[in-house]
Amino acid sequence: MSTALASKRILVLFEPGRAGTAAIDLEHQLAGSDQPTVTVVSVVPQATTGSRCGGSALEYNGLLRDAVARELEQARERLDQMGRATVSELLVEGTDPPLEAWSAAAGFDLILL
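If you're wondering where the values come from, they're calculated on a predicted model, not measured in any experiment.

Bringing helix 1 (residues 18-31) into the picture now. Between the first and last C-alpha of helix 1 there are 20 Å, a value that for 14 residues agrees with the 20 Å anticipated at 1.5 Å per step. Looking at helix 1, one finds that the buried residues are G20, A23, I24, E27 and A31. In a view along the axis of helix 1, the buried residues occupy a sector of 95 degrees, so they form one face of it. Summarising the geometry of helix 1, the exposed residues directed more than 90 degrees from the buried face are R18 and Q29. The secondary structure elements touched by the buried residues of helix 1 are strand 1 (9-13), strand 2 (37-44), helix 2 (57-81) and strand 4 (110-112). Just past helix 1, the residue G32 takes up positive phi, approximately 55 degrees.

Bringing the environment of A106 into the picture now. When you line up the elements, A106 lands in helix 3 (residues 99-106). Residue A106 is classed as partly exposed on the basis of its relative accessible area of 25%. Once the C-alpha coordinates of A106 and R9 are considered, the two residues, 97 residues apart in sequence, prove to be 9.4 Å apart.

The rules behind the values
- Residues numbered from 1 in each chain as written.
- Predicted model: local features only at pLDDT ≥ 70, side-chain atom pairs only at ≥ 80, totals over all residues.
- Heavy atoms only, no water.
- Helix = DSSP H or I, 4+ residues; strand = E, 2+ residues; numbered from the N terminus.
- Expected span 1.5 Å × (residues − 1).
- Buried < 20%, exposed > 50% of the residue type's maximum accessible area, 1.4 Å probe, protein only.
- Arc of directions from axis to C-beta.
- Contact = heavy atoms within 4.5 Å.

See below:
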């Protein structure tokens, strides 16, 4: 690929499993040897609080956030190993703006889902 993506900002939505791996691989294929600015993002879903059987929603949400943060860090490290300057962002459902609004405000040139 040419240097068309060299000065571009790319957003990669990372989800655990094959979809996340495919998004990272696609970024690598599209950018080739170009050096775009890459942001990898994950969204943490949140359980609502209230009466329920079992553990606290707050405890569950904390554990889920920690797990997603670890997976996001692994994705960022993988992109770094590919020679990308990578930034990672963790969006928390109900706290941070929705992914669509957040990514539009950030002005990415290409979004890989």
